[in-house]
Amino acid sequence: MNKKDLSQFQEIVSQLLQAEKDEPVVKPIAAEKLFDQLDLSLEKAPLDDESFYQSLKEIVFKTPRTASNKFFNQLFGGRRSKSVLGDLVAVMLNNSMYTYKVAGPMVGVEKVIIKKVCNMIGYGEMADGTIATGGSMSNFTAMVMARDAANANLTTAGVEQKMIVYTSADSHYSIAKNTALIGVGRDQVRFIKTDEYGKMISEELEKQIIKDKTEGLLPFFVNATAGTTVMGAFDDIKAASAISKKHNLWLHVDGAYCGAVIFSEKYKFLVDGLELSDSFSVNAHKMLGTPLTCSIIVCQNKEHLNHSFSNDATYLYQTDGDDYNLGKTSFQCGRRNDALKLWTLWKSVGSDGLEKMVDHQFKLADIAREYIQNNSDYTLYSYGDSVSVCFNYKGIPAPKLCTALYQNAELVVGFGSFNDHEFVRFVTINPDNNKEEIIAFFNTLEAFANKHFEELMEVETTNS
Ligand SMILES: *Cc1c(COP(=O)(O)O)cnc(C)c1O
């Protein structure tokens, strides 16, 4: 990177940091007007530096600000400075994580994180893992291992039987998508009913497994969620494990959203029994606040990772043992160094610091729920021990309210649904926030909703 670009980078970032304070929500450009309002075109002729910097700046300052204190949308937010520093350094170093020859100490950085997580959750000596491109890919990695473990010939012969996947009706959509991707097919996903809190009903799970076995199908994979995407509910891992062991199925725990509770003395009870699972994933870019993406997937027995993901390639693996050539246990060939940004954060604040972040997010959620419960204009739909706070205000339809807040650059927040109720899903996932920002969120929402109440309550008459 030349000096001029580096100084431009510093200038743009300093201005961005200021802009995030002055104007936390950017007025959005309507998608259909994007190419008219911004010059994104790519031309044959080069651009002089000044015009180039101007066009870069223009798009930067029109881009949604996810690190501001008014962004509560999709399961990430804020900016951990030490983590951003680590990620920027990773870009400069530009290693690829497949071999020790090319990544050197960065292999150790990733291995230390994996080992530490395995130890924390009580996995044994044989445990290992990898860092994937996100929670969906972590879940994919787990499902592939489970599929290949179910039948020794599968990696060569392919899927020859009807194999069945079990996951709760409120689990992440990647479970169904991955079932299609691994050649098992979406029709083979059994969506198990959840209780009033959004937890998978264990009795329903076992009933369905027995039914499928009786019909000659091959159940192979149970997914339990640690923090469902909408409600933030935690499935009962111990119960899921007992059933999975009894019927010889792989148990994966999808902790993409809230698996980071493993760092908290106070909240790790939510994943009781995690040591009994076969694999576990957690997104550091959600509750741990690293930049996107950083997803850890670990399994009890590294043989499974090797069995499903290693492939000989003499043009690639030319030095060092398999234990140090991480390409032997990952899906990708070239792979970005997503480990360093978590390592720099963890190194700087310690496990204690990560615990504080996690606890703080739960505390902010308590503050939000308390606010809602003390105000009769609100209806609360979510429960305690969750960083998702789901509510409606004065009966205003949530999709309309959220969209209007976004279009008017007031707040960025999303909506969700559970058991036929549609609501605002507010997430307290940004640890930079404090009580003031949480209360300010509600005050902004109320002021806006009251000012536009009539319009927001109007029944849609569009013929779509
Ligand atoms: C976010 C999420 C995922 C997907 O993770 P990505 O990194 O977005 O692919 C999977 N499962 C759960 C429960 C999630 O909340």
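Structure first, text after, so check above.
Residues numbered from 1 in each chain as written. Predicted model: local features only at pLDDT ≥ 70, side-chain atom pairs only at ≥ 80, totals over all residues. Heavy atoms only, no water.

Asker: Help me out: how do you make sense of the packing of aromatic side chains in this one?
Answerer: To describe a pair of aromatic rings, you give the distance between the ring centres and the angle between the ring planes. If you walk through the whole model with that rule in mind, you get 21 aromatic pairs. Relative to Phe442, the ring of Phe441 lies with its centre 5.2 Å away and its plane at 80 degrees, an arrangement referred to as edge-to-face. Three or more aromatic residues joined by ring pairs form one cluster here, namely Phe72, Tyr371, Tyr378, Phe391, Tyr393, Phe426, Phe441 and Phe442. Lys111 extends its terminal NZ or CZ atom over the ring of Tyr324, reaching a point 5.1 Å from the ring centre. (Phe/Tyr/Trp six-rings, centres within 6.5 Å; stacked < 30°, edge-to-face > 60°. Lys NZ or Arg CZ within 6 Å of the ring centre and 35° of its normal.)

Asker: Is there a simple way to explain the site of the ligand in this structure?
Answerer: Taken together, the neighbourhood of the ligand is formed by 15 residues, with Gly135, Ser136, Asp254, Asn283 and Lys286 sitting nearest. Separating an oxygen atom of the ligand from a backbone N or O atom of Gly135 is a distance of 2.7 Å. Contact distances for the ligand include 2.8 Å between an oxygen atom and a side-chain N or O atom of Ser136. Protein contact buries 86% of the 380 Å² of open area that the ligand shows by itself. Placement of the ligand is best described as lying within the second largest pocket. Per-element accounting of the shell around the ligand gives the leading share, three residues, to helix α7 (residues 135-150). Of the residues contributing to the shell around the ligand, the split by class is three nonpolar, ten polar and two charged. (Near = heavy atom within 4 Å. Polar contact = N/O pair within 3.5 Å; in protein donor to acceptor, adjacent residues only side chain to side chain. Areas by Shrake-Rupley, 256 points an atom, 1.4 Å probe, with all protein chains shown as cover. 1 Å grid on protein atoms, 1.4 Å probe; cavity = no way out; pocket = protein on both sides within 12 Å on 5 of 7 lines; lining within 4 Å. Sits in = over half its atoms within 2 Å of the grid points. Helix = DSSP H or I, 4+ residues; strand = E, 2+ residues; numbered from the N terminus. Nonpolar A, V, L, I, M, F, W, Y, C, P; charged D, E, K, R; others polar.)

Asker: What am I meant to see in the pattern of salt bridges here?
Answerer: Opposite charge on two side chains makes pairing possible when the charged atoms of those side chains draw close. The full count for this structure, using the stated rule, is 19 salt bridges. Between Lys4 and Asp49 there is a salt bridge, with the nearest N and O atoms lying 3.2 Å from each other. Highlighted residues: Lys4 in helix α1 (residues 3-22) and Asp49 in helix α3 (residues 49-61), separated in sequence by 45 residues. Residue Lys4 is classed as partly exposed on the basis of its relative accessible area, which comes to 41%. Its relative accessible area of 35% is what places Asp49 among the partly exposed residues. Residue Glu265 pairs with Lys268 through a salt bridge whose shortest N-O separation is 3.0 Å. The exposed category is assigned to Glu265, whose relative accessible area is 59%. Salt bridges sharing common partners tie together Asp87, Arg336, Asp338 and Lys341. (Salt bridge = Lys/Arg side-chain N within 4 Å of Asp/Glu carboxyl O. Buried < 20%, exposed > 50% of the residue type's maximum accessible area, 1.4 Å probe, protein only.)

Asker: Could you clarify how one ought to interpret the layout of surface pockets in this entry?
Answerer: Here the largest pocket is characterised by a volume of approximately 950 Å³. In terms of residue class, the lining of the largest pocket is built from 15 nonpolar, nine polar and seven charged. If you trace the second largest pocket, you find 28 residues lining it, with Gln74, Leu75, His172, Thr229 and Lys286 closest to the centre. Only α7 and β11 (412-418) provide two or more residues apiece to the lining of the second largest pocket. When grouped by side-chain class, the residues that make up the lining of the second largest pocket number eight nonpolar, 17 polar and three charged. (Points joined across faces, edges and corners; volume = space filled by probe spheres on them.)

Asker: Would you mind showing me how to read the sheet that holds strand β8 (residues 295-299) here?
Answerer: Each strand in a sheet pairs with its neighbour through backbone hydrogen bonds, running either in the same direction (parallel) or in the opposite one (antiparallel). With respect to topology, seven strands assemble into an open sheet ordered β2-β8-β7-β6-β5-β3-β4, the strand pairing being mixed. The open sheet has two edge strands, β2 (128-132) and β4 (189-192), and neither has a second partner. Between one strand axis and the next, the sheet turns through 20 degrees on average, direction left out of account. With four bridges connecting them, strand β3 (residues 163-168) and strand β5 (residues 218-225) associate as parallel partners. Considered in β5, the bridge of Ile164 is made with Pro219. Across the face of the sheet, helix α6 (residues 105-120) comes into contact with β2, β7 (279-283) and β8 while running at roughly 120 degrees to β2. (Pairing = 2+ DSSP bridges. Axes fitted to C-alpha atoms, helices over the stretch in contact; angles between N-to-C directions. Contact = heavy atoms within 4.5 Å.)

Asker: Hey, could you run me through helix α11 (residues 237-246) in this one?
Answerer: Because each turn of an α-helix spans 3.6 residues, side chains separated by three or four positions end up pointing in the same direction. The complete set of buried residues in α11 reads Ile237, Ala239, Ala240, Ser241, Ile243 and Ser244. Structurally, α11 contributes buried residues whose contacts are with α10 (202-214), β5 and β6 (250-255). Where α11 begins, the side chain of Asp236 points an oxygen toward the backbone nitrogen of Lys238, at a separation of 3.2 Å. Once α11 finishes, Asn248 follows within two positions and takes phi at roughly 65 degrees, a positive value.

Asker: I'm lost on the nonpolar core in this one. Help?
Answerer: Buried together is how nonpolar side chains tend to be arranged in soluble globular proteins. Phe280, Ile296 and Val298 are the most contacted members of the largest nonpolar core, which has 62 residues in total. At eight residues, helix α13 (residues 340-373) tops the list of elements feeding residues into this core. In this structure, Ala365, Ile396, Phe441 and Leu445 belong to the second largest nonpolar core, which totals 28 residues. (Core = buried A, V, L, I, M, F, W, Y, C linked by side-chain atoms within 4.5 Å.)

Asker: Where do I start with the packing of α7 against helix α12 (residues 302-309) in this structure?
Answerer: Angle between the axes and distance between the axes: these two values describe a pair of packed helices. Across the interface, α7 lies against α12 with an axial gap of 9 Å and an inter-helix angle of 90 degrees. Viewed along their axes, α7 and α12 adopt a mutual orientation that is roughly perpendicular. Taking contact as the criterion, the partners of Thr141, Val144, Met145, Asp148 and Ala149 in α7 are, on α12, His304, Leu305, His307, Ser308 and Phe309. Of the residues in the contact of α7 with α12, the class split is five nonpolar, four polar and one charged. (Parallel < 35°, antiparallel > 145°, perpendicular 65-115°, else oblique.)

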